[in-house]
Amino acid sequence: MNDFYDTDMQINRIEPEKKQGRSCASCLFGLVMSSWFLFTGILFSAFFIYLQAPAGYATAAGAIFVFAFFWQRRAARLGCFMPFFIIAAFVIAESMLLGMLIYETDAYKKVDLIKVREVVDTHAPGLYEAVGKSIAKAAKTIKTAVEGFRQTDDEKKLALLEDAFRNNPADPDAVLALADAYMGKNDLVSTQFAIALYEALVDSDPCDSFLMRLADAYARIYRYDLAFATAVRRTWLPHATMEKAARQIAMFAVISGNLARGIFEIEKILQLSPPESDEITLILAGLYRDIGNERQAQILLDSVITNAPAASTIATTAVEWTNEQYKAQKYED
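Residues numbered from 1 in each chain as written. Predicted model: local features only at pLDDT ≥ 70, side-chain atom pairs only at ≥ 80, totals over all residues. Heavy atoms only, no water.

Along the protein, the regular secondary structure elements total 16 helices and zero strands. Evaluated residue by residue, the protein yields a buried proportion of 31% over its 333 residues. Residue pairs at least 24 apart in sequence account for 54% of intrachain contacts in the protein once pairs closer than 6 positions are excluded. Split by element, the accessible area of the protein, about 22,100 Å² in all, is 62% carbon and sulfur. (Helix = DSSP H or I, 4+ residues; strand = E, 2+ residues; numbered from the N terminus. Buried < 20%, exposed > 50% of the residue type's maximum accessible area, 1.4 Å probe, protein only. Contact = heavy atoms within 4.5 Å. Areas by Shrake-Rupley, 256 points an atom, 1.4 Å probe, with all protein chains shown as cover.)

Structure (structure tokens):
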């Protein structure tokens, strides 16, 4: 019984201690820190309102303020040092966001720096230079961060391909992937880089795929003489697909306006009697139609209709072109 009474007395002594709240000093410290935090938040808000910040910047600034404010309130109950670090982090985050806004809106160009420097030199000599250097460093850091954020997926992919090429320049797959990526950028410098890589691939292994890409790259920079010559090289390969080479030559003939060169090269291909003679003859007939030699075009079309299977796409196309030519002649008569 006495033991029970002693235990009950100990509990009654402990419970008041548990029910004790924060001390006056802790409450006063929390109030001071919250006041400073609110004052700093209002100061930054005034800057954002003055610069007419877009909705995205305003939302980000507000989210940072709310999160940091409640975090420092909780930290103020547990210690004295953490709230100072939270406020410092809040000031740094808001300053970076404000700097990005100033950089994006070019607001710094509207400030009369000469007048500001005169006022600062009068009241605080040497401060202007120190602040200017700090702002320059911060602006450079912000610019780098913005450019890195804006970097597209294609640019990141290109950077990875360049690293792979530097690590293993003898790998044909790495070289080909990098060359194709340069071709996809559609600018003169990148196309020149791609041509250099394609030429290296052709020198090591003159396969049809490499020659086709190299010919297209030459045409991209309007070197149609080299484009024709490279496309013709495709027909020299042991297992060349003559029809694909003929199509590429015909395309170069049309886009360059040199139809005579295209006709000459494709006729040379036909002299080799390749298995795809009907397809190549149809391509040649199309070039003769483009150049205005309807008679020679019709001779070739008749050859295709006679030799190709009647149900094939090639024969059907030849018949359609013949009907179109017949209707045109009838209309002229």
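Mapped onto the elements, serine 312 comes out in the loop between helix H15 (294-307) and helix H16 (313-332). Reaching out from serine 312, the side chain makes a polar contact with the backbone nitrogen of alanine 315 at a distance of 3.3 Å. (Polar contact = N/O pair within 3.5 Å; in protein donor to acceptor, adjacent residues only side chain to side chain.)

With that settled, consider the nonpolar core. Within the largest apolar cluster, 54 residues are counted, with the highest numbers of intra-cluster contacts made by Tyr198, Ile249, Phe252, Ile266 and Leu287. Grouped together as the second largest cluster of nonpolar side chains are 15 residues, Phe37, Phe48, Phe69 and Phe90 included. (Core = buried A, V, L, I, M, F, W, Y, C linked by side-chain atoms within 4.5 Å.)

What follows is about the packing of aromatic side chains. Taken as a whole, this structure holds three aromatic pairs when the rule is applied. Between tyrosine 182 and phenylalanine 193, the aromatic rings sit 5.5 Å apart at their centres with planes inclined by 50°, giving tilted as the arrangement. With tyrosine 182 in helix H8 (residues 172-183) and phenylalanine 193 in helix H9 (residues 188-204), the pair connects residues that are eleven residues apart, well separated along the chain. Given a relative accessible area of 10%, tyrosine 182 falls into the buried group. Overall, phenylalanine 193 belongs to the partly exposed group, its relative accessible area being 45%. Ring plane angle 70° and centroid distance 6.3 Å describe the contact between tyrosine 222 and tyrosine 224, whose orientation is recorded as edge-to-face. For tyrosine 222, a relative accessible area of 63% corresponds to the exposed category. A relative accessible area of 19% means that tyrosine 224 is categorised as buried. (Phe/Tyr/Trp six-rings, centres within 6.5 Å; stacked < 30°, edge-to-face > 60°.)

This next bit is on the environment of serine 190. Relative to the helices and strands, serine 190 resides in helix H9. Sequence separation of serine 190 and aspartate 180 is ten residues, and the distance between their C-alpha atoms is 9.9 Å. Excluding anything up to four places from it in sequence, serine 190 contacts Tyr182 and Lys185.

Bringing H9 into the picture now. For H9, spanning 17 residues, the distance from its first C-alpha to its last is 25 Å, which sits close to the expected 24 Å at 1.5 Å a residue. Within H9 the residues assigned to the buried category are Ser190, Thr191, Ala194, Ile195, Leu197, Tyr198, Leu201 and Val202. By the N-cap criterion, in which a side-chain oxygen at the helix start approaches the backbone nitrogen of a residue two or three places on, H9 is capped by aspartate 187, the distance to valine 189 being 3.3 Å. (Expected span 1.5 Å × (residues − 1).)

Let's shift gears to the environment of valine 232. By secondary structure assignment, the location of valine 232 is in helix H11 (residues 224-233). The exposure class assigned to valine 232 is buried, which follows from its relative accessible area of 12%. Sequence spacing of valine 232 and isoleucine 269 is 37 residues, and the spatial spacing of their C-alpha atoms is 8.7 Å. Once residues within four sequence positions are removed from consideration, valine 232 is found in contact with Ile249 and Glu265.

Turning our eyes to something else, we now look at the packing of helix H10 (residues 208-220) against helix H12 (residues 242-256). Two quantities define a packed helix pair, namely the angle between the axes and the distance from one axis to the other. As a packed pair, H10 and H12 sit with axes 12 Å apart at the nearest point and diverge in direction by 0°. In this view, H10 runs roughly parallel relative to H12, as classed from their interaxial angle. Judged by residue contacts, Met212, Ala215, Asp216 and Ala219 of H10 engage Gln248, Met251 and Phe252 from H12. Residues of the contact of H10 with H12, tallied by class, amount to five nonpolar, one polar and one charged. (Axes fitted to C-alpha atoms, helices over the stretch in contact; angles between N-to-C directions. Parallel < 35°, antiparallel > 145°, perpendicular 65-115°, else oblique. Nonpolar A, V, L, I, M, F, W, Y, C, P; charged D, E, K, R; others polar.)

Before going further, it helps to spend a moment on the packing of H12 against helix H14 (residues 277-291). With their axes 9 Å apart at the nearest point, H12 and H14 run at an angle of 10° to one another. Put simply, H12 runs roughly parallel to H14. The residues of H14 that touch H12, namely those facing Met242, Glu243, Ala246, Arg247, Ala250, Ala253 and Val254, are Glu279, Ile280, Ile283, Leu287 and Asp290. Class assignment of the residues belonging to the contact of H12 with H14 gives a composition of eight nonpolar, no polar and four charged.

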